[in-house]
Amino acid sequence: MADQAEKLRQLVQKSKVGEAAIITKPANKARVITVTSGKGGVGKTNFTVNLAISLAKLGQKVLIIDADLGTANVDVVLGRTSKYNLLNILEDGLAINEAVSEGPYGIKYLSGGSGIHHLANLTDSQLFSIISQISLFDDWADTILIDTGAGLNRNVLNFVIAADEVIIITTPEPTAITDAYAMMKAYINNNGTSPLKLVVNRVIEVGEGEMVTDKLVKAAFRFLGLSVIGIGFIYEDRNLIKAVKNQKPLLLAFPDTLASKCINNIAQNILFGNYAVPPRGIKGFFSRVFDFWRQ
Ligand SMILES: Nc1ncnc2c1ncn2[C@@H]1O[C@H](COP(=O)(O)OP(=O)(O)OP(=O)(O)O)[C@@H](O)[C@H]1O
Ligand SMILES: [Mg+2]
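Described in the following lines is the structure provided in the data block. (Residues numbered from 1 in each chain as written. Chains lettered and ligands numbered in written order. Predicted model: local features only at pLDDT ≥ 70, side-chain atom pairs only at ≥ 80, totals over all residues. Heavy atoms only, no water.)

**Looking at the overall build of the protein**
In plain terms, the rule: Secondary structure is summarised from DSSP: a helix means a run of H or I of at least four residues, a strand means a run of E of at least two, and numbering begins at the N terminus for each. Here's how the labels work: a residue is buried when its accessible area is under 20% of the maximum for its type, exposed when over 50%, partly exposed in between, all with a 1.4 Å probe on protein chains only. Contacts were defined at the residue level, with two residues in contact if any of their heavy atoms lie within 4.5 Å. Throughout, the Shrake-Rupley method with a 1.4 Å probe supplies accessible areas, and for residues the shown protein chains are the sole cover considered.
On a plain count of helices and strands, the protein comes out with 14 helices and 10 strands. Out of the 295 residues in the protein, the part that is buried amounts to 54%. Taking the contacts inside the protein whose residues are at least 6 apart along the sequence as the reference set, 79% of them involve residues at least 24 apart. As displayed, the protein has an accessible area near 13300 Å², and 52% of this comes from carbon and sulfur atoms.

**Observations concerning the pattern of salt bridges**
Defined as follows: We count a salt bridge whenever a side-chain nitrogen from Lys or Arg sits within 4 Å of a carboxyl oxygen from Asp or Glu.
Tallied over the entire structure, the rule returns 7 salt bridges. Taking the shortest distance from any N to any O, the salt bridge between Lys108 and Glu102 comes out at 2.7 Å. Lys218 is the salt-bridge partner of Asp214, the closest N and O atoms lying 3.0 Å from each other. Of the two residues, Asp214 and Lys218 both sit in helix 10 (residues 208–224), 4 residues apart, roughly one turn of that helix. Residues joined in a network through salt bridges with shared partners are Arg31, Glu165 and Lys197.

**Points about the packing of aromatic side chains**
The cut-off we apply is this: The pairing test for Phe, Tyr and Trp rings, Trp by its six-membered ring, is centres within 6.5 Å, and the orientation test on the planes gives stacked under 30 degrees, edge-to-face over 60, and tilted for anything in between.
With the rule as written, the count across this model stands at 5 aromatic pairs. Each ring, one from Phe233 and one from Tyr235, has its centre 5.3 Å from the other, and the planes form 90°; the classification is edge-to-face. For Phe233, a relative accessible area of 24% translates into the label partly exposed. On the numbers, 5.8 Å between centres and 55° between planes, the contact of Phe286 with Phe290 is tilted. Of this pair, Phe286 and Phe290 both sit in helix 14 (residues 281–294), separated by 4 residues, roughly a single helical turn. These aromatic residues form a ring-pair network of at least three members: Phe159, Phe285, Phe286 and Phe290.

**Some details on the sheet that holds strand 6 (residues 108–111)**
Our working definition: Following DSSP output, two strands are said to pair if at least two bridges run between them. Think of each axis as a best-fit line through the C-alpha atoms, taken over the contacting stretch in the case of a helix, with angles from 0 to 180 degrees between the N-to-C directions.
Here 8 strands make up an open sheet; going across it, the order is 5-6-4-7-3-8-9-10 and the pairing mixed. Strand pairing shows two members of the sheet lacking a second neighbour, strand 5 (101–102) and strand 10 (228–235), which therefore form its edges. Pairing of strand 3 (residues 31–36) with strand 7 (residues 143–148) involves 5 bridges; the strand directions are parallel. Across the sheet, the residue bridging to Val32 is Ile144, located in strand 7. Sheet contacts for helix 9 (residues 174–189): strand 3, strand 8 (165–170), strand 9 (196–203) and strand 10; angle to strand 8, the most-contacted strand, approximately 160°. Here helix 14 sits on the sheet and contacts strand 3, strand 4 (62–67) and strand 7; the angle it forms with strand 3, its principal contact strand, is near 50°.

**Quick look at the pairing of strand 9**
Quick note on the threshold: Call a crossover right-handed when, viewed with both strands pointing away from you, the route from the first strand across the helix to the second goes clockwise.
For strand 9, the buried fraction is high: 7 of the 8 residues fall into the buried class. Bridge count between strand 8 and strand 9: 4 bridges; the pairing is parallel. Bridge pairing links Ile169 to Val199 in strand 9. Handedness of the crossover joining strand 8 and strand 9 through helix 9: right-handed. Here strand 9 pairs with strand 10 via 6 bridges, running parallel. Note on strand 10: the bridge partner recorded for Leu198 is Gly230. A crossover links strand 9 with its parallel partner strand 10, the connecting element being helix 10, and its sense is right-handed.

**Digging into the site of ligand 1**
The criterion, for reference: By convention in these notes, a residue is near a molecule or strand provided one of its non-hydrogen atoms lies within 4 Å of it. Nitrogen and oxygen atoms within 3.5 Å of one another constitute a polar contact, given that in protein one can donate a hydrogen and the other can accept it, and given that sequence-neighbouring residues count only through two side-chain atoms. Residues are grouped as follows: Ala, Val, Leu, Ile, Met, Phe, Trp, Tyr, Cys and Pro are nonpolar; Asp, Glu, Lys and Arg are charged; all remaining types, including Gly, are polar.
Lining the immediate surroundings of ligand 1 are 18 residues, of which Gly41, Lys44, Thr45, Asn46 and Asn201 lie closest. Asn201 has a polar side-chain atom sitting 2.9 Å from a nitrogen atom of ligand 1. Protein coverage of the free-state accessible area of ligand 1, which is 630 Å², stands at 83%. Of the residues contributing to the shell around ligand 1, the split by class is 7 nonpolar, 6 polar and 5 charged.

See the structure below:
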């Protein structure tokens, strides 16, 4: 752990982006972070989009991949439309840059598309073609955020287990906590090894975020032998609901509101916390996802 912290310190450089320091990534390997939950509707997509904006404001190049195969809606929260998805690369011969859309602050996003699980039936050369296109983002992106759908199904789990890092979102409601714990258990049962990161969303009372984090950290350690690291909480904020209705990301619509400040704190923790793991890149990530699908 001390070694890792020292490596990170060495990677931190003073940048010209505001007062912030940024972490430079190792060559050709983006940091892949999957955002997941267990229970649906707890705030994954809004968190992913606004975290991307916060990281981009800190100088990071961020790609969001919408891997919610049922109800992909990253573009709706971003307030942009995306015409294409990953499958268009194969079906219509699109180059990856044409399938990717532009968001604010230079963020790029790519929809997995509802047919992505058909990738399991593709030939080796077709898969190779997709992986080699996607791996271009290992050069471009510092961080790649994967937004998943809800539930503990195989599609979601594959994206969770293949990631360098996983952020689990819960709310303080017992149903969401139970489902977050179930996701942790599924992670362990599927040979997941990295410590998981936890964000508590829709916190109403002071101390509630810490209390929920403490409960889950202890239970995961005691019953699953799993390390869970709390990386922050987000207050319940009516401005987030307003922002969603106006199809404008919270950090753009209300940059100084409480939830925006909380998300900025989490972005700082993700960039400068001493618990990052060495990135394995998007190429490795998709190779693992395809392997899981084909097992
Ligand atoms: N911090 C918050 N304060 C107030 N409302 C919130 C907050 N976070 C999320 N919400 C509400 O929850 C709704 C669902 O959020 P979001 O779509 O991000 O969840 P999700 O986990 O991605 O859902 P799904 O599982 O369907 O993909 C938002 O539209 C908003 O109304
Ligand atoms: Mg969602």
